[in-house]
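What follows is the residue order along each chain.
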Amino acid sequence: MKFLPVLAVIVVAVWVWRNNRQAELRPPSHDQPSPVTAMAVVACQHCGTHLPESEAVLGRRGSYCCVEHRQQHESASA
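Described below are features of the structure shown in this document. Here the residue numbering is sequential within each chain, running from 1 through the sequence in written order. A pLDDT threshold of at least 70 governs which residues receive local features in this predicted model, and a stricter bar of 80 or more applies before side-chain atom pairs are shown or counted, although totals over entire chains, interfaces and linings include all residues. Heavy atoms from the whole structure form the basis of all side-chain values; hydrogens and water molecules are not counted.

**Looking at the overall build of the protein chain**
Helix numbering and strand numbering both begin at the N terminus, where a helix is a DSSP run of H or I of at least 4 residues and a strand a DSSP run of E of at least 2. On a plain count of helices and strands, the protein chain comes out with 2 helices and 4 strands. Residue contacts follow a heavy-atom distance rule, with two residues in contact if any of their heavy atoms lie within 4.5 Å. Contacts in the protein chain between residues at least 24 apart in sequence constitute 7% of all its contacts with a sequence separation of at least 6. We get accessible surface area from the Shrake-Rupley algorithm with a probe of 1.4 Å; when it comes to residues, only the shown protein chains can shield them. Element-wise, carbon and sulfur atoms account for 60% of the exposed surface of the protein chain, whose accessible area totals about 6800 Å².

This is the structure in C-alpha cells:
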C-alpha cells in the first residue's frame, strides 16, 4: 500500500512535465490582432479627394492626388 502514494506523485509529476513541455513546443498563437497604426491623410488641393500622405503628389501649393491635378491647379493659380 505504500507504493500507491508514490505512484500517484510520479503520475502527477509526469503529467505536469508533459503539459509544460507541450506548451513549449507549441507554436505561438496568432489570435491577437496586430496593432493598427494611424496613417496621415491629406486632401487634394484640386478636387478634394482624401488619400494617404504616402501616395500624394507634392506640389508648390500643397498635396494632390495625381500629377495632372497638380499641373492644372498650379497653372490655373499662376
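**Considering the pattern of salt bridges**
A side-chain nitrogen of Lys or Arg and a carboxyl oxygen of Asp or Glu constitute a salt bridge if their distance falls within 4 Å. Taken as a whole, this structure holds 1 salt bridge when the rule is applied. One salt bridge connects Arg60 with Glu74, and the closest N-O pair in it is separated by 3.4 Å. In this pair, Arg60 sits in the loop between β3 (57-59) and β4 (62-64) while Glu74 sits in helix α2 (residues 67-77), placing the two residues 14 residues apart along the sequence.

**Some thoughts on the state of the cysteines**
The disulfide definition used here is simple: a pair of cysteine sulfur atoms within 2.5 Å. Summed over the entire model, instances satisfying the criterion amount to 0 disulfides. We note that Cys44 lacks a disulfide partner, and the nearest cysteine sulfur, in Cys47, lies 3.7 Å from it.

**Structural notes on a nonpolar patch on the surface**
On the surface, Met1, Phe3, Leu4, Leu7 and Val11 cluster together into a nonpolar patch covering about 570 Å² of accessible area. Mapped onto the elements of the fold, Val11 is located in helix α1 (residues 3-25). Candidates for patches are residues over 30% relative accessible area with no salt bridge; among them, like charges are joined within 9 Å and nonpolar side chains (Val, Leu, Ile, Met, Phe, Trp, Tyr) within 5 Å.

**A closer look at the environment of His46**
Residue position: His46 is located in the loop between β1 (41-43) and β2 (50-52). Relative accessible area decides the class of each residue, using a 1.4 Å probe on protein chains only: under 20% of the type maximum gives buried, over 50% gives exposed, and in between gives partly exposed. His46 sits in the partly exposed class, given a relative accessible area of 36%. When the C-alpha atoms of His46 and Glu74 are compared, they prove to be 9.1 Å apart, with 28 residues separating the residues in sequence. Once you skip the residues sitting within four places of it in the chain, His46 turns out to touch Tyr64, His69, Gln72 and His73.

**Observations concerning the side chain of Ser63**
Considering the arrangement of structural elements, one finds Ser63 in strand β4. Ignoring anything within four residues of it in the chain, the contact list for Ser63 reads Val42, Ala43, Cys44, Gln45, Ala56, Val57 and Leu58.

**Focus: the environment of Gly59**
Residue position: Gly59 is located in strand β3. Gly59 sits 11 residues away from Arg70 along the chain, and the two C-alpha atoms are 6.3 Å apart. Ignoring anything within four residues of it in the chain, the contact list for Gly59 reads Tyr64, Arg70 and Glu74.

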